[in-house]
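# Coordinate analysis (summary)
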Amino acid sequence: MRLSLGTRLALLFAACTAAVSLGAGLLFSQASARHFIELDQQLLSARLTQMRSQLGPLSSADQLTAHLPQLRSQLSHQSDLALRISGGDGQTWFASRSGLPSEPAATGLATLHANGTDFRSLGIALRSDGPGAARMTLFLDITHHQHFLQRMQQLIWSTVGLSALATALLGAWAVRRGLRPLRQMGKVAASVSARSLTTRLPVGQLPDELAELAAAVNAMLQRLDDAFQRLSAFSADIAHELRTPLSNLLTHTQVTLTRPRSLEQYREALHGNLEELQRMAQMVNDMLFLAKADHGLLVPGQQPLQLEDEVDALLEYYAALAEEADIRLQRDGTAALNGDRHMLRRALSNLLDNALRFTPAGGEIRVTLQPGARLCVANTGPAIDPDALPRLFDRFYRADPARRDGGREHAGLGLAITRSIVQAHGGQIGIDSQAGWTRVTLDLPAVQDG
Amino acid sequence: MKLLIVEDQAKTGQYLCQGLREAGFATELASDGDSGQHLALTGDYDLLLLDVMLPGRDGWQILQSVRQAGLDTPVLFLTARDAVQDRVHGLELGADDYLVKPFAFSELLARVRSLLRRGASPSQDTCLSLADLKLDLIRRRVERAGQRLDLTAKEFALLELLLRRQGEVLPKSLIASQVWDMNFDSDTNVIEVAIRRLRLKVDDAHPHKLIHTVRGMGYVLEVRHD
């Protein structure tokens with residue numbers, strides 16, 4: 001059976017209270033019973049000693065007669081006391097009232113029952129010289145004690161029952177109150193949808209135990225929100241990036257067709273369209289590459305590579321371009337790693353391409369390699385806005401939005417592709433820009449020995 | 001040279017046929033897997049261009065039956081899917097090359113020509129030439145109209161490629177891959193710069209230009225009379 005948390009806690013509270021009150025009650029009733037016994041013992045033994053000293057040693061019933069009036073008057077002061085004196089042969093010499101229980105077997109204090117009345121009895125020999133001496137036994141009617149104890153037991157049971165019930169009810173209420181933050185969390189969580197991923201649980205207002213959980217839930221929401229934002233931004237970017245060239249193509253083609261033109265003009269129009277189409281094809285291919293990376297489908301090969309060889313090949317590839325742009329290319333250091341040559345070349349090519357784009361004439365691009373596989377591409381140039389730095393690896397991000405339609409301009413996917421490749425290799429990429437140098441640093445896992 | 005194109009997209013098939021025909025190949029088009037397989041097994045083709053996703057049997061099944069029939073006709077796959085497993089699967093089955101849509105026609109043409117050339121015995125020429133341009137592979141010397149040209153290693157390699165494939169339009173991506181071993185699309189103008197520099201040395205001093213730009217397609221080395 002599945003009980004609610006509230007019911008479960010209320011029942012547990014009730015059981016605890018019942019156990020505690022029952023224990024306390026039992027202890028108390030035992031203690032009172034013992035206390036009564038002690039009181040009775042004291043009373044009986046005090047009286048008994050006093051009476052015996054009055055009587056002195058008796059050897060027959062006749063000797064007793066003289067003392068009887070005094071005994072009777074003493075006993076009349078206390079109605080719950082009764083006295084019996086019997087001879088050594090068991091013959092009753094005197095009994096202050098009828099219906100007294102017979103002599104207990106053991107000496108000392110005894111609890112006896114006779115004719116519906118409870119007695120406590122204490123006996124003593126009237127002479128100390130051996131058996132067969134006359135005995136004096138004092139009886140105390142303890143009916144009212146027993147009544148008191150019974151009432152107390154009833155009280156204990158009802159206390160147990162009532163306190164359990166009360167605790168269950170109070171507990172249920174307290175639990176409901178105590179769990180209110182949990183219900184609030186549930187309500188907030190239920191209100192989260194793709195449209196409202198910005199909702200957060202109020203960690204500050206929650207008790208410590210829940211604050212931790214709420215913080216974890218918030219962190220999860222944050223991650224979902226980030227991923228969702230990226231995804232929607234990406235979709236929106238795709239739409240925008242494809243819409244512009246598509247619109248160009250439509251306009252251009254329709255305008256071209258509106259009236260007869262010379263062969264040369266048609267050719268020109270087709271060339272224009274071709275360039276636009278090639279850019280779109282490139283973009284789609286790049287986006288598919290990124291989509292594959294996102295789905296973990298980018299599985300780089302693991303061939304041993306000397307990074308300096310790859311860098312040199314790339315620098316040679318870009319040498320003419322750099323020379324024309326009056327930019328110096330330089331490589332320092334060496335590094336070895338296991339990786340995918342084509343992918344890493346592509347990643348580095350994008351970095352160099354980007355560096356060449358942003359290095360002013362007369363500038364320099366320096367590729368530094370360190371073992372442990374760190375690669376750093378640094379180029380001179382104006383500092384990049386620190387806020388823009390982390391976004392440089394985002395898809396379609398361009399540091400300067402005005403360059404968007406700048407002819408051969410990159411779609412803004414190059415650095416995103418580089419990052420995907422680096423991450424697929426288990427590496428990290430970072431960028432900083434200061435003191436006239438912009439530095440992209442790749443940390444790639446080093447060659448593992450053995 | 002006779003090519004079979006198996007492509008179910010009518011427009012794609014039609015454009016491919018037209019393009020390849022105009023490039024000097026005889027082409028036949030099948031628009032579904034079954035007729036494609038029938039033609040591939042019965043016709044005598046020099047190359048098969050297969051789409052992977054086809055109605056009836058798919059491109060891989062056609063390839064399998066072709067190989068089982070003992071034919072070693074080169075096969076070039078065209079596909080809109082670009083999963084690594086697909087690529088590996090295709091190559092395991094005996095495909096010779098793999099092009100992912102969207103591709104540039106110039107790229108397709110270059111690959112088709114490469115595949116067709118593969119069967120032929122490699123030229124043993126130690127000297128390549130066109131008109132008054134001569135390239136000596138052994139002595140690593142280039143001459144134009146009897147005058148020696150001073151080329152860098154990469155310029156030499158680029159010119160060698162153009163000469164070996166003279167008359168063919170070579171897309172930039174193919175040049176980057178063959179000369180620099182850069183096997184990815186990059187839209188830098190590295191190749192443009194390299195060609196411009198080569199042109200400066202090869203063509204500038206001469207009235208008849210040999211290196212030509214085919215806009216939007218690539219570069220071609222040929223003698224033009226215009």
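What comes next is a walk through the structure. (Residues numbered from 1 in each chain as written. Chains lettered and ligands numbered in written order. Predicted model: local features only at pLDDT ≥ 70, side-chain atom pairs only at ≥ 80, totals over all residues.)

### A word on the overall build of chain A
Our working rule: Put simply, DSSP marks the helices as runs of H or I at least four residues long and the strands as runs of E at least two long, and each gets a number from the N terminus on. Three exposure classes are used, all based on how many other C-beta atoms lie within 10 Å of a residue's own C-beta (placed from the backbone): buried at 20 or more, exposed at 12 or fewer, and partly exposed between those limits. Here the contact rule is simple: place C-beta atoms from the backbone, and any two residues whose C-beta atoms are within 7 Å are in contact.
What chain A contains, in helices and strands, is 10 helices and 12 strands. Residues counted as buried form 22% of the 450 residues belonging to chain A. Within chain A, contacts between residues separated by at least 24 positions form 63% of all contacts whose residues are at least 6 apart in sequence.

### A closer look at the interface of chain A and chain B
Note the cut-off: The residue classification treats Ala, Val, Leu, Ile, Met, Phe, Trp, Tyr, Cys and Pro as nonpolar and Asp, Glu, Lys and Arg as charged. All others, Gly included, are polar.
With 25 residues of chain A in contact, the opposing surface of chain B contributes 22 residues. Put simply, the parts of the chain that give the side of chain A that touches chain B at least two residues each are α7 (263-294), α8 (307-324) and α9 (341-358) of chain A. Counting residues per element, the side of chain A that touches chain B draws most heavily on α7 of chain A, which supplies nine residues. Looking at the side of chain A that touches chain B residue by residue, the class counts come to 11 nonpolar, seven polar and seven charged.

### Structural notes on the sheet that holds strand β11 (residues 428-434) of chain A
All names here are of chain A. Rule in force here: Two strands pair under a simple rule: DSSP has to find at least two bridges between them. Simply put, an axis is a line fit to the C-alpha atoms, just over the touching stretch for a helix, and the angle between two N-to-C directions goes from 0 to 180 degrees.
Overall, mixed pairing links the five strands, which are arranged β7-β9-β10-β12-β11 in an open sheet. On the outer flanks of this sheet lie β7 (328-332) and β11, each paired with one strand and no other. The sheet shows a mean angle of 15° between the axes of neighbouring strands, direction not considered. Pairing geometry for β7 and strand β9 (residues 364-370), over five bridges, is parallel. In the strand pairing of β9, glutamine 330 is matched with arginine 366. Relative to β7, α8 is tilted by about 175°, and along the sheet it contacts β7, β9 and β10 (374-380). Along the sheet face, α9 touches β9, β10 and β12 (437-443) and points at about 15° away from the line of β10.

### Quick look at the sheet that holds strand β1 (residues 2-6) of chain B
All names here are of chain B. With parallel pairing, five strands are arranged side by side in an open sheet as β2-β1-β3-β4-β5. Two strands in the sheet have a free side with no partner beyond their single neighbour: β2 (26-30) and β5 (97-100). With direction set aside, neighbouring strand axes in the sheet form an average angle of 20°. Bridge count between strand β4 (residues 75-79) and β5: four bridges; the pairing is parallel. Each bridged residue has a counterpart across the sheet, and for leucine 76 the counterpart in β5 is aspartate 97. Sheet strands in contact with helix α1 (residues 10-22) are β1, β2 and β3 (47-51), and its direction is about 170° off that of β2. Sheet contacts for helix α3 (residues 59-68): β1, β3 and β4; angle to β3, the most-contacted strand, approximately 150°.

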